[in-house]
Amino acid sequence: MARKSKSKLSELYPEENKDQIYENALAEIQSFELPLGTTLRSVYDDQPNAHQRFMEKLDACIRNHDREIEKMCNFHHQGFVDAITELLKVRADAEKLKVQVTDTNRRLQDAGKEVIAQTEEIIRCRVQQRNITTVVEKLQLCLPVLEMYSKLKEQMNVKRYYSALKTMEQLENLYLPRVSQYRFCQIMIENLPKLREEIKEISMSDLKDFLESIRKHSDRIGETAMKQAQQQKTFSTTLQRQNNVNYGRNMHLGRSRILESKNEMTLKRTFEEDEEYEEEILTAQDLVDFSPVYRCLHIYSVLGDGEIFENYYRKQRRKQARLVLQPQSSMHETVEGYRRYFSQIVGFFVVEDHILHVTQGLVTRTYTDELWNMALSKIIAVLRTQSSYCSDPDLVLELKNLIVVFADTLQGYGFPVNRLFDLLFEIRDQYNETLLKKWSGLFRDIFEADNYSPIPVANEEEYKIVTSKFPFQDPELDKQSFPKKLPMSQSVPQIYIQVKEFIYASLKFSESLHRSSTEIDDMLRKATNLLLTRTLSSCLQNLIKKPHIGLTELVQIIINTTHLEQACKYLEDFISNITNISQVTVHTARLYGLSTFKDARHAAEGEIYTKLNQKIDEFIQIADYDWTMSESDGRASGYLMDLINFLRSTFQVFTHLPGKVAQTACMSACQHLSTSLMQMLLDSELKQISMGAIQQFNLDVIQCELFASSEPVPGFQGDTLQLAFIDLRQLLDLFMVWDWSTYLADYGQATSKYLRVNPSTALTLLEK
């Protein structure tokens, strides 16, 4: 940077004019306008003796300035001397003037002492007179203040707090400002806020007592409100019945009246304690004194803390709402637990509704709606949880009735309850589940107690008793004389009765839900379908799989399911009569009993085939052939004759079964028997067979063929059943005749005599 400045300076000032450069630098130093560093660096260049020459110039400049200063001082010296001389002359005159003024002041003070004393006395008297006048005036101003304060104390003593606040207001606004400068007034002013706080504390204490009172009485208030709502509903229902000219025309309505009467009696027992049902219902005002909350509201409003009071009241009521909404741990065990829970909630909101209508601003409709929505969410969550523990359908039904009364009561006070009725649909599903569990046990008991034999009827009376329970119609059986037997067993009418009882039980829950007859009809049909397709079907499937159920029982089960299937149309008519909804309606659901009983029959049929085959296997296992005998016994084996007799007696029981079932069972048994005999011949553990054993085995197969040709089950065409043993017959014929040349010559031809004989099978037997 220095090099750049030096270069620039050399360009501005030529080498031959260095003296001019130093003079300019000194001028710049004296002006103080440019940075001195740059100026000083400019005088130092590459020339020799630059510093010395600059210092000489600087000394010369200093000497010039000293001479100028000396000249200026010499010029102003004479004026300074003249001024000093003038000041010395004035000092003497000033001292004289001071002495004169001091003497004059002393003489004046001595002359005015007496006047001052008299004046002070006059002033003192006038001040006393003015003070007396002022005291009288001030006392006249203070007396009303003292009277009002005394009145205030008296009002506080007799607990007239609202009047005391008005008195304090007058004191502050009218009386105290006039005498506010006095200390006793300041004491009063300081005491007034304390008195206000005392009034606030006392009124707040009264409010707390009020809140505690309504907390204790909320269940009683709710109970009376629910009782009143139930009475009004019962009255409306009775009036509607009287106006319904079609009431009672259908045969099912008699039972409906009985059920509804029972429900009303249940509700009466729920809400009655020590009073008669028709007694006069007390209101919330009769049970709780609301004056503390009115008084506290007025006091806080006068004090300007109405908003604080409102917030406190709402906060405390929210806390109480949370406590009220908290369920007891054992609430789900008894209906009394639910009743108390609902009564407390109803009581809480009845009080809030009363406060809403008798006070202005303490609670608002928005506040109550918000509180109700919060409470409703909690109630639904609690009921959803608690009801899930209920396994007794009667308790669930009583819970439903309580929820309906609870909802109707609060709806009467303007609270929306649609979500509660939606919850009832969830509880309805749970109620149906508990019913299904209960009816599952009933069905199992019926099946366990059944003897699986046709129902005997000795006379017309017994026949009517059975047909009154179950819609059985058989013109052929009606022509027979007594005694006679109905084809189904005792469990069929019992199952039918229990299905109807289930429909009645399901109907109980659908009442009072404010639903149309079509919706109720749909509910009943869906519930009945669940009973048939899930509960009854499961019981039938489990029954069929039980080890102690034999062939006779399985045959009877098939017959029973056939009659139950035919009765489904009567169940549909029964539901239509209850709901008064025609079956031709487009949206009417159908019962699925047809598929239920078909599946049960198919399972029973399969079990029959399995048990028949198992029984055949048991007989085969006791077969004791002497595979080395020289010649046959001349008669069929004993085990085989016993097996044929068993099959013959078994197929006689199948006469009541549908033809195809009996034929399939018979064909399946013969095929299984043929296969088992073939496996016996080809058993790998059997190493050697004599011709005598072959002959004995042939006698047994002949008996099987005779059994097949005897048509144990009617309906087979030609020798269809005998074809089950054709493989075995051709194999035995081959060995009995020893016609191997024919077998080998005709092998593979459709007209072969031994078409069904497999070469590997023949070779295996030939080796043995």
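Residues numbered from 1 in each chain as written. Predicted model: local features only at pLDDT ≥ 70, side-chain atom pairs only at ≥ 80, totals over all residues. Heavy atoms only, no water.

> When you look at the overall build of the protein chain in this model, what are you seeing that I'm missing?
When helices and strands are tallied, the protein chain shows 27 helices and two strands. Scored against the burial criterion, the 768 residues of the protein chain give a buried share of 42%. A separation of at least 24 residues holds for 79% of the contacts in the protein chain among residues at least 6 apart in sequence. Of the accessible surface of the protein chain, which amounts to about 43500 Å², a share of 52% is contributed by carbon and sulfur atoms. (Helix = DSSP H or I, 4+ residues; strand = E, 2+ residues; numbered from the N terminus. Buried < 20%, exposed > 50% of the residue type's maximum accessible area, 1.4 Å probe, protein only. Contact = heavy atoms within 4.5 Å. Areas by Shrake-Rupley, 256 points an atom, 1.4 Å probe, with all protein chains shown as cover.)

> Whenever I open this one, unusual backbone geometry confuses me. Can you help?
Note: most residues except glycine have negative phi, and most peptide bonds are trans. The step from Phe482 to Pro483 runs through a cis peptide bond, and the omega angle for that step is -5°. One can find Pro483 in the loop between α16 (475-479) and β2 (484-486). Despite not being glycine, Tyr452 has its phi angle at roughly 55°, a positive value. For Tyr452, the location among the structural elements is in the loop between α14 (418-449) and β1 (455-457). Unusually for a residue other than glycine, Glu711 sits at a positive phi of about 55°.

> Got a minute to help me understand the pattern of salt bridges in this structure?
Opposite charge on two side chains lets them pair, provided their charged atoms get close. Enumeration over the complete set of coordinates arrives at 26 salt bridges. With a closest N to O distance of 3.7 Å, Asp206 and Arg295 form a salt bridge. Pair noted here: Asp206 is in helix α6 (residues 183-243) and Arg295 is in helix α9 (residues 291-302), with a separation of 89 residues, a long-range link. According to the relative accessible area criterion, Arg295 is partly exposed, its value standing at 32%. Note that Arg339 is salt-bridged to Glu336, the shortest N-O span being 2.9 Å. Of this pair, Arg339 and Glu336 both sit in helix α11 (residues 335-358), three residues apart, which is roughly one turn of that helix. Exposure remark for Arg339: the relative accessible area of 11% places this residue in the buried category. (Salt bridge = Lys/Arg side-chain N within 4 Å of Asp/Glu carboxyl O.)

> Got a minute to help me understand helix α12 (residues 365-387) in this structure?
At 3.6 residues per turn, the α-helix brings residues three or four places apart onto the same side. For α12, spanning 23 residues, the distance from its first C-alpha to its last is 31 Å, which sits close to the expected 33 Å at 1.5 Å a residue. Residues Tyr367, Thr368, Leu371, Trp372, Ala375, Leu376, Ile379, Ile380, Val382, Leu383, Gln386 and Ser387 constitute the buried set of α12. (Expected span 1.5 Å × (residues − 1).)

> Got a minute to help me understand the side chain of Arg428 in this structure?
Checked against the element boundaries, Arg428 lands in helix α14. For Arg428, a relative accessible area of 17% corresponds to the buried category. Contacts of Arg428, omitting those with residues within four sequence positions, involve Phe509 and Met523.

> Sorry, what's going on with the packing of helix α25 (residues 726-737) against helix α27 (residues 759-767) here?
If you want to describe how two helices pack, look at the angle between their axes and the distance between the axes. Between α25 and α27, the least distance of the axes is 11 Å, while the angle of their chain directions is 45°. Here α27 runs oblique to α25, going by the angle between their axes. In this structure, α25 crosses over α27, and the sense of that crossing is right-handed. Residues Leu731, Leu734 and Phe735 of α25 form the contact with α27, whose own contacting residues are Thr761, Ala762, Leu765 and Leu766. Counted by class, the contact of α25 with α27 contains six nonpolar, one polar and no charged residues. (Axes fitted to C-alpha atoms, helices over the stretch in contact; angles between N-to-C directions. Parallel < 35°, antiparallel > 145°, perpendicular 65-115°, else oblique. Left-handed = near helix turned anticlockwise from the far one by under 90°. Nonpolar A, V, L, I, M, F, W, Y, C, P; charged D, E, K, R; others polar.)

> Help me out: how do you make sense of the confidence of the model for the protein chain in this one?
Residues shown with low pLDDT carry predicted positions that ought not to be read at fine detail. Chain-level statistics for the protein chain give a pLDDT mean of 81 and a share of 87% at 70 or above. The low-confidence segment residues 1-16, where pLDDT is below 50, has 11 contacts with residues more than four positions distant or belonging to other chains. Contacts of residues 244-279 to residues separated by more than four positions or lying in other chains number 50 contacts, the stretch itself having pLDDT below 50. (pLDDT = per-residue confidence, 0-100.)

> Explain the packing of aromatic side chains to me, please; I cannot follow it from the model alone.
We describe a pair of aromatic rings using the distance from one ring centre to the other and the angle between the two ring planes. Scanning the entire structure with this criterion turns up 23 aromatic pairs. Geometrically, the ring pair formed by Phe210 and Phe290 is tilted, given 5.6 Å between the ring centres and 55° between the ring planes. Placement of the pair is Phe210 in helix α6 and Phe290 in the loop between α8 (284-287) and α9, with a sequence separation of 80 residues. An aromatic cluster of at least three residues, connected via ring pairs, comprises Tyr341, Phe342, Phe348, Phe349, Trp372, Phe406 and Phe415. Above the face of the Tyr367 ring, Arg314 is positioned so that its terminal group lies 5.1 Å from the ring centre. (Phe/Tyr/Trp six-rings, centres within 6.5 Å; stacked < 30°, edge-to-face > 60°. Lys NZ or Arg CZ within 6 Å of the ring centre and 35° of its normal.)

> Sorry, what's going on with the nonpolar core here?
Soluble globular proteins tend to pack their nonpolar side chains together in the buried interior. Within the largest apolar cluster, 176 residues are counted, with the highest numbers of intra-cluster contacts made by Phe342, Ile379, Phe406, Ile608, Leu612 and Phe697. Among all residues touching Ile608, those that are not within four sequence positions of it are Leu551, Leu554, Val555, Ile558, Phe654 and Ala665. Within the second largest apolar cluster, 21 residues are counted, among which are Leu165, Tyr175, Cys185 and Met188. (Core = buried A, V, L, I, M, F, W, Y, C linked by side-chain atoms within 4.5 Å.)

> Teacher, can you tell me more about the packing of helix α10 (residues 306-325) against α11 here?
As a packed pair, α10 and α11 sit with axes 9 Å apart at the nearest point and diverge in direction by 160°. On the basis of their axis angle, the class for α10 and α11 is roughly antiparallel. The chirality of how α10 crosses α11 is left-handed. The residues of α11 that touch α10, namely those facing Tyr313, Arg317, Gln320, Ala321, Val324 and Leu325, are Tyr341, Gln344, Ile345, Phe348, Val351, Glu352 and Ile355.

> How do you make sense of the environment of Asp739 when you look at a structure like this?
Note that Asp739 resides in the loop between α25 and α26 (740-746). By relative accessible area, which is 16% here, Asp739 ends up buried. Considered as a pair, Asp739 and Tyr754 are 15 residues apart in the sequence and their alpha carbons are 9.8 Å apart. If sequence neighbours within four positions are ignored, Asp739 has contacts with Leu734 and Tyr754.

> Any chance you could explain a nonpolar patch on the surface here in plain terms?
A cluster of nonpolar side chains, contributed by Met691, Met736, Val737, Trp738, Leu763 and Leu766, occupies part of the molecular surface with about 560 Å² of accessible area. Elements that contribute at least two residues to the nonpolar patch include exactly α25 and α27. Here Val737 is to be found in helix α25. (Patch = residues over 30% accessible without salt bridge, like charges linked within 9 Å, V, L, I, M, F, W, Y side chains within 5 Å.)

> Whenever I open this one, the environment of Val358 confuses me. Can you help?
Relative to the helices and strands, Val358 is located in helix α11. Separated by 68 residues in sequence, Val358 and Phe290 have C-alpha atoms that sit 9.9 Å apart.

> Looking at this structure, I do not really get α9. What am I missing?
Compared with the 16 Å implied by 1.5 Å per residue over 12 residues, the 16 Å span of α9 between its first and last C-alpha is a close match. Those residues of α9 that fall on the buried side of the exposure criterion are Pro292, Val293, Cys296, Leu297, Ile299 and Tyr300. All buried residues of α9 lie within an arc of 165° about the axis, which places them on one face of the element. Just downstream of α9, Gly304 is the residue with a positive phi angle, here 80°. (Arc of directions from axis to C-beta.)

> What is the right way to look at a negative patch on the surface in this model?
Taken together, the side chains of Asp624, Asp626, Glu631 and Asp633 make up a negatively charged region of the molecular surface. Tracing the backbone through its elements, the reader meets Asp624 in the loop between α21 (593-621) and α22 (638-653). Given a relative accessible area of 74%, Asp624 falls into the exposed group. (Lys, Arg positive; Asp, Glu negative; His and termini not counted. Charge placed at Lys NZ, Arg CZ, Asp CG, Glu CD.)

> Sorry, what's going on with the environment of Asp683 here?
With respect to the helices and strands, the residue Asp683 is situated in the loop between α23 (659-681) and α24 (691-709). Residue Asp683 is classed as partly exposed on the basis of its relative accessible area of 33%. Here the alpha-carbon distance between Asp683 and Leu765, two residues 82 residues apart in the chain, equals 9.7 Å.

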